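Listed below, chain by chain, are the residues.
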Amino acid sequence: MHPIRTLTVVASLSAAPLCAASPVIINPDLTGPVGIGVVPPGWSLWTGSPDTCDAGGPFNNTPTPWVLSPNGGTFVRAGGTSTVGGEGFAQVVTGFTPGALYTLTFFQTNLGFEHPTNGSWNGTDGYWDLMLDGSHAGSSAVLTKPTLNTDPIAWSIGLINFVAPAASFEMALWSRSADPSGLAAYMGIDGFDVRLVPAPSGLAAFAFAGIALSRRRR
Ligand SMILES: *[C@@H]1O[C@H](CO)[C@@H](O)[C@H](O)[C@H]1NC(C)=O
Ligand SMILES: *[C@@H]1O[C@H](CO)[C@@H](O)[C@H](O)[C@H]1NC(C)=O
């Protein structure tokens, strides 16, 4: 019977954080009016001039409409290099437990960039950096641009774990290039979700206690 009892304990442990304050991100779906150098309501420009896009752009110079993320609606597009500059957007988020571990997930894509006049298929491998109160807190997986300008863009799940520096802090997403030569990557992002990670030390202690108990009973 004890394996079932252990499961119950684990379930009630992971349910415990629900009693804590819940993190709040305003407009996590990045829904807003399409435009150059504008970010959706609830967000602000952090550096450079990210854009709010739908399938047509702005800056989709390819013959293929951009596939929308599974989150739907508009998304944010930003270009970034590996060195300086780059585009980012931010929001002051609230409701976090200082020192607690959270997982931020989102949809991300590498859009590439078709030069508007000479047709070159530009853009490099890229990713998103998470900046909390101006400090680097993590990076998403590196994505490559579509092989051809006629290929549809592909969305995948970006995941960054971070420790909340305070109950409320500035959360910025910054487009970065993995190319050391200084050429830019053009990334898309959409659909944020943030969750408290159940305390691993507590779970491990309970798992260990469960094993010890089961050994003793045998
Ligand atoms: C098109 O313009 C870009 C940006 O100036 C440049 O890097 C690229 O080499 C140009 N392509 C051609 C085919 O001239
Ligand atoms: C654009 O692509 C062309 C052709 O591949 C390349 O020669 C050029 O360096 C690229 N320019 C930029 C700014 O990425």
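Just so you know, these numbers come straight off a predicted model, no measurement behind them.

1. Focus on the sheet that holds strand β9 (residues 135–139)
Strand-to-strand pairing in sheets goes through backbone hydrogen bonds, with the strands running parallel or antiparallel. Across the sheet, which stays open at both edges, the five strands sit in the order β1-β4-β11-β8-β9 with antiparallel pairing between neighbours. What marks the edges here is a single partner per strand, and that holds for β1 (44–47) and β9. Between one strand and the next, the sheet's axes are offset by a mean angle of 35 degrees, whatever the strand orientation. Of the strand pairs in this sheet, strand β4 (residues 88–93) and strand β11 (residues 169–177) are connected by six bridges, and their pairing is antiparallel.

2. Here's the deal with the site of ligand 2
Within the structure, ligand 2 sits among Ser120, Asn122 and Leu183. Here Asn122 contributes a side-chain N or O atom positioned 2.2 Å from an oxygen atom of ligand 2.

3. Description of the side chain of Asn60
Its place among the elements puts Asn60 in the loop between β2 (51–53) and β3 (75–80). Of the polar contacts made by the side chain of Asn60, one reaches the backbone oxygen of Ala55; its length is 3.1 Å. One polar contact links the side chain of Asn60 to the main-chain carbonyl oxygen of Thr64, over a distance of 3.0 Å. Once you skip the residues sitting within four places of it in the chain, Asn60 turns out to touch Ala55, Pro65 and Trp66.

4. Remarks on the pairing of β4
Counting buried positions over the six residues of β4 gives five, a clear majority of the element. Where β1 and β4 come together, three bridges link them in antiparallel fashion. Paired with Thr47 across the strands is Gly88, a residue of β4.

5. Concerning the side chain of Thr124
Assignment of secondary structure puts Thr124 in the loop between β7 (121–122) and β8 (126–132). A residue is classified by how much of its surface remains accessible, and Thr124, at 9% relative accessible area, is buried. Polar side-chain contacts of Thr124 include one of 2.7 Å to the side chain of Ser177. Those residues within four positions of Thr124 in sequence are excluded, and the remaining contacts are Asn110, Ser177, Asp179, Leu183, Ala184 and Ala185.

6. As for empty space enclosed by the protein
Scanning the model with the defined rule gives one cavity of 30 Å³ or more in all. When its volume is computed, the largest cavity comes out at roughly 40 Å³. Every residue lining the largest cavity is listed: Thr62, Thr64, Pro65, Trp66, Leu111, Trp121, Pro146, Asn149, Asp151, Pro152 and Ile153.

7. Focus on the nonpolar core
Counting 28 residues, the largest nonpolar core has Phe89, Leu104, Phe162, Met171, Ile189 and Phe192 as its most contacted members. Looking at this core, the elements with two or more residues in it are β3, β4, β5 (101–110), β8, β10 (156–163), β11 and β12 (185–196). Tallying contributions element by element places β12 first for this core, with five residues. By size, the runner-up hydrophobic cluster in this structure holds seven residues, among which are Phe75, Phe107, Leu111 and Trp155.

Definitions and limits used
- Residues numbered from 1 in each chain as written.
- Chains lettered and ligands numbered in written order.
- Predicted model: local features only at pLDDT ≥ 70, side-chain atom pairs only at ≥ 80, totals over all residues.
- Heavy atoms only, no water.
- Pairing = 2+ DSSP bridges.
- Helix = DSSP H or I, 4+ residues; strand = E, 2+ residues; numbered from the N terminus.
- Axes fitted to C-alpha atoms, helices over the stretch in contact; angles between N-to-C directions.
- Near = heavy atom within 4 Å.
- Polar contact = N/O pair within 3.5 Å; in protein donor to acceptor, adjacent residues only side chain to side chain.
- Contact = heavy atoms within 4.5 Å.
- Buried < 20%, exposed > 50% of the residue type's maximum accessible area, 1.4 Å probe, protein only.
- 1 Å grid on protein atoms, 1.4 Å probe; cavity = no way out; pocket = protein on both sides within 12 Å on 5 of 7 lines; lining within 4 Å.
- Points joined across faces, edges and corners; volume = space filled by probe spheres on them.
- Core = buried A, V, L, I, M, F, W, Y, C linked by side-chain atoms within 4.5 Å.

Keep in mind these values describe shape, not function.
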